[in-house]
Amino acid sequence: MGNIIKYIHHGETVSVEKHLKGKHREHCLCWQNCKNFKPEDKKNNCPIASKLFQICVDEKVVTPVWECSQYAPAIMKQQKSIKKDDLIKKAGFKIAEKLGVE
Ligand code: SF4
């Protein structure tokens, strides 16, 4: 059995295994770039995550999602811009090629 500690979380005294305190996001699948997870946008947030969040608020618990059938990784904005940059570079090379620029 782990080392259980108590601390104040959102105004409530809660118990937690010491080594897991503050690790929720690290372990939760929702926070691993799931495209359905929009915690800042309640209207469009994943209904599963919203339901789970509401239980956490109502019951004053914290729980990660370990497994989920609906998980799908979002395309990172950075990846999109990298692809765009690559295309711009390639287009530049083609133009330079056509113009005979070395
Ligand atoms: S689909 Fe699953 S992993 Fe994604 S936000 Fe919803 S509950 Fe979390």
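Described in the following lines is the structure provided in the data block. (Residues numbered from 1 in each chain as written. Predicted model: local features only at pLDDT ≥ 70, side-chain atom pairs only at ≥ 80, totals over all residues.)

For the rest of this paragraph, the subject is the overall build of the protein. A count of helices and strands for the protein gives 3 helices and 2 strands. Element order for the protein, N to C, with α for helix and β for strand: β-β-α-α-α. Per-residue burial for the protein yields a buried fraction of 4% across its 102 residues. Partitioning the intrachain contacts of the protein with sequence separation of at least 6 by distance along the chain shows that 43% fall at a separation of at least 24. (Helix = DSSP H or I, 4+ residues; strand = E, 2+ residues; numbered from the N terminus. Buried ≥ 20, exposed ≤ 12 C-beta atoms within 10 Å, placed from the backbone. Contact = placed C-beta atoms within 7 Å.)

What follows is about helix 2 (residues 47–59). Along its 13 residues, helix 2 runs 18 Å from first to last C-alpha, staying within 8% of the 18 Å computed at 1.5 Å per residue. For helix 2, a buried count of 1 out of 13 residues is recorded, marking the element as mostly open to its surroundings. (Expected span 1.5 Å × (residues − 1).)

So, on to the pairing of strand 2 (residues 12–17). With respect to burial, strand 2 is a largely exposed element, only 0 of its 6 residues being buried. Sheet topology note: the strand 1 (residues 4–9)/strand 2 ladder contains 6 bridges and is antiparallel. Looking across to strand 2, one finds that Ile5 is bridged to Val16. In sequence, strand 1 turns back onto strand 2 through a hairpin of 2 residues, with His10 there showing a positive phi of about 50°. (Pairing = 2+ DSSP bridges.)

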